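Structure at a glance
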Amino acid sequence: MTQPHTLPSAPLTVATVQATPTPGDVAGNAVMAADLVRRAGEGGARVAVLPELFLCAYHPPVLAADPAGTDVAADPAGMVADPRLDPLRAAAREAGVTALVGAAVRHLDGRRTIAALVVDRTGEVRVGYDKQQLWGDERELFTPGDRGATLLVDDWRLGLGICYDGCFPEHGRAAALDGAHAYLCPSGYLAGSEHRRDLYYAARALDNTMFVVFANAVGGVDPWRFNGGAAIYDPEGRALARGADDGTAVLVATLDPAVLAATRAAHSMLVDRLSDQGGARLSMPG
C-alpha cells in the first residue's frame, strides 16, 4: 500500500483554544470568539480551533429550552448567514485566520446537529462537519451527521472530528486514510475526565501518524464544568502545546511536514495496515 496523498510543502501554524462561553448567548460568544481568533492570528496562526458548541455553549438545559435562540440556521448549501456571527467573520478576515468553531445548527430539513463551522479568511461561514458520534443525552437533542469531512488549507488536509468522535479509533483512521495530515477536534470534556481527555487524542495522533489539534471548553458550573487541557499533538502523540485545567488560553504550534515525513518513515502503520484481519477469528481453550 502507498500513502493516499502527498505531504504538505510548507509548515502550517495553528492555534487551539480553551475558553468559557456563556450558555445561550450566541452574539456575546461570537464577540469572544472574534477576540480569540485575533489572538491566534497575532501568534502567527493561520488556523484556529475553538471548542465544541462554543457559540451557544455546551449546556443541555439551555439547548433544550431555547433552540431558536441557541441555534444558527444553514441554507441548503451549508452556508450560515446569521448576523450574530459578523464580529467573527470580521476577525477571520482581518487576522487572515481560518477558524473552526462549534455551533448548534438547524438545517432546512429540520435536522439539528452539533457542527463545526468553518469561518474562512474571506469571512464566509459554512457548516464544515456534523458530529457523527453523539454522546449520552445529546441523542435527545441532536441528529448525528452521516459523513466525514476534510478541510483544505493551502496543501494541508485537515480531518474534522468533534469530541466523542475522537474516542473511536475508526474515526481518526478514516481521516488518515483520506490523506489527513492533521485531525482537528473541537471538544467539551467535563471535569473528572482528564485521564481520558489526555489519552484519546494523543492516541489518535500516534495511531495514524498525524498531528492532532484538540480544543476544549473550560470552567462553568457543575455538572457542566469543563476541564480545559487544550493541546496540539505531534504525529507520535507528544504534546507540542498544552493548556492548564483552568483558565482561558490560546495555544500556538507549528505543524512541520518534515516531522510528519520522518514519523511516517519510522512508523509505517498506514502503509503496513492489513486490508482485513484474516477472516473468522480462531477460538481455543486455555
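Residues numbered from 1 in each chain as written. Predicted model: local features only at pLDDT ≥ 70, side-chain atom pairs only at ≥ 80, totals over all residues. Heavy atoms only, no water.

1. Observations concerning the overall build of the protein
Helix and strand content of the protein: nine helices and 14 strands. On the principal axes, the C-alpha backbone points of the protein span a range of 55 × 45 × 40 Å. By the burial criterion, 50% of the 286 residues in the protein qualify as buried. Put simply, 68% of the contacts in the protein that link residues at least 6 apart link residues at least 24 apart. Split by element, the accessible area of the protein, about 12100 Å² in all, is 54% carbon and sulfur. Here the protein carries 25 positive and 34 negative side-chain charges, and the mean point of each set is 2 Å from the other. (Helix = DSSP H or I, 4+ residues; strand = E, 2+ residues; numbered from the N terminus. Buried < 20%, exposed > 50% of the residue type's maximum accessible area, 1.4 Å probe, protein only. Contact = heavy atoms within 4.5 Å. Areas by Shrake-Rupley, 256 points an atom, 1.4 Å probe, with all protein chains shown as cover. Lys, Arg positive; Asp, Glu negative; His and termini not counted. Charge placed at Lys NZ, Arg CZ, Asp CG, Glu CD.)

2. Here's the deal with the UniProt feature "domain: CN hydrolase" (unreviewed entry) in the protein
In the numbering adopted here, UniProt assigns the feature "domain: CN hydrolase" (unreviewed entry) to residues 12-257. Taken end to end, residues 12-257 comprises 27% helix and 33% strand; its first and last C-alpha atoms sit 8 Å apart. (UniProt positions renumbered as here; feature names shortened; annotations may be inferred.)

3. Observations concerning the nonpolar core
In terms of nonpolar packing, the biggest core is built from 83 residues, with Leu50, Leu117, Leu158 and Leu184 touching the most fellow members. Counting residues per element, this core draws most heavily on helix H1 (residues 26-42), which supplies seven residues. Sequence-distant contacts of Leu184, that is, excluding residues within four places in its chain, are made with Val47, Val49, Leu100, Leu151, Leu158, Gly159, Leu160, Gly161 and Val213. (Core = buried A, V, L, I, M, F, W, Y, C linked by side-chain atoms within 4.5 Å.)

4. What about the pairing of strand S9 (residues 182-187)?
When you tally the buried positions in S9, you get six out of six residues, the bulk of the element. The two faces of S9 match: Ala182, Leu184 and Pro186 on one face and Tyr183, Cys185 and Ser187 on the other face are all buried. In terms of strand pairing, strand S8 (residues 156-160) meets S9 through three bridges, oriented parallel. Counterpart to Leu160 in the pairing with S9 is Leu184. You can see the chain leave S8, run along helix H6 (residues 169-177) and come back into S9, and the turn it takes is right-handed. With six bridges connecting them, S9 and strand S10 (residues 211-221) associate as parallel partners. In the strand pairing of S10, Ala182 is matched with Phe211. (Pairing = 2+ DSSP bridges. Right-handed = clockwise from strand over helix to strand, strands pointing away.)

5. Focus on the packing of H1 against helix H4 (residues 86-95)
Following both chains from N to C, one finds H1 and H4 inclined at 10°, their axes separated by 8 Å at the closest point. In terms of orientation, H1 lies roughly parallel with respect to H4. For the pair formed by H1 and H4, the contact residues are Ala30, Val31, Ala33, Ala34, Val37, Arg38 and Gly41 on the first element and Pro87, Leu88, Ala90, Ala91, Ala92, Glu94 and Ala95 on the second. The residue makeup of the contact of H1 with H4, split by class, is 11 nonpolar, one polar and two charged. (Axes fitted to C-alpha atoms, helices over the stretch in contact; angles between N-to-C directions. Parallel < 35°, antiparallel > 145°, perpendicular 65-115°, else oblique. Nonpolar A, V, L, I, M, F, W, Y, C, P; charged D, E, K, R; others polar.)

6. Considerations on helix H7 (residues 194-208)
End to end, H7 covers 22 Å across 15 residues, agreeing with the expected 21 Å (1.5 Å per residue, within 8%). Burial in H7 covers these residues: Arg197, Tyr201, Ala202, Arg204, Ala205 and Asn208. One side of H7 holds all its buried residues, which, seen down the axis, span an arc of 155°. (Expected span 1.5 Å × (residues − 1). Arc of directions from axis to C-beta.)

7. Let's talk about the packing of H6 against H7
Interhelical geometry of H6 versus H7 gives an angle of 45° and a closest axis separation of 10 Å. On the basis of the axis angle, H6 is oblique to H7. In this structure, the crossing between H6 and H7 has a hand that is right-handed. Residue-level inspection shows Pro169, Gly172, Arg173 and Ala176 of H6 in contact with H7, the latter providing Arg204, Asp207 and Asn208. Taken together, the residues of the contact of H6 with H7 break down into two nonpolar, two polar and three charged. (Left-handed = near helix turned anticlockwise from the far one by under 90°.)

8. Concerning H1
Side chains of residues three or four places apart in an α-helix project in the same direction, reflecting 3.6 residues per turn. A rise of 1.5 Å per residue sets the reference length of H1, with its 17 residues, at 24 Å; its end C-alpha atoms lie 24 Å apart and thus fit the reference within 8%. When H1 is considered as a whole, its buried residues turn out to be Val26, Asn29, Ala30, Ala33, Ala34, Leu36, Val37 and Ala40. Backbone geometry just downstream of H1 places Gly44 in the positive-phi region, at approximately 95°.

9. Details of unusual backbone geometry
Each neighbour pair has its own omega, and for Asp222 with Pro223 the value is 5°, a cis peptide bond. Locating Pro223 in the fold gives a position in the loop between S10 and strand S11 (224-227). Backbone geometry at Ala57 places phi at a positive 75°, although glycine is not the residue there. Note that Ala57 resides in the loop between strand S2 (47-49) and helix H2 (60-65). Take Ala57: its relative accessible area is 4%, and that puts it in the buried class. Phi angles above zero are rare outside glycine, and Asp154 is one such case at about 55°. Mapped onto the elements of the fold, Asp154 is located in the loop between strand S7 (150-153) and S8.

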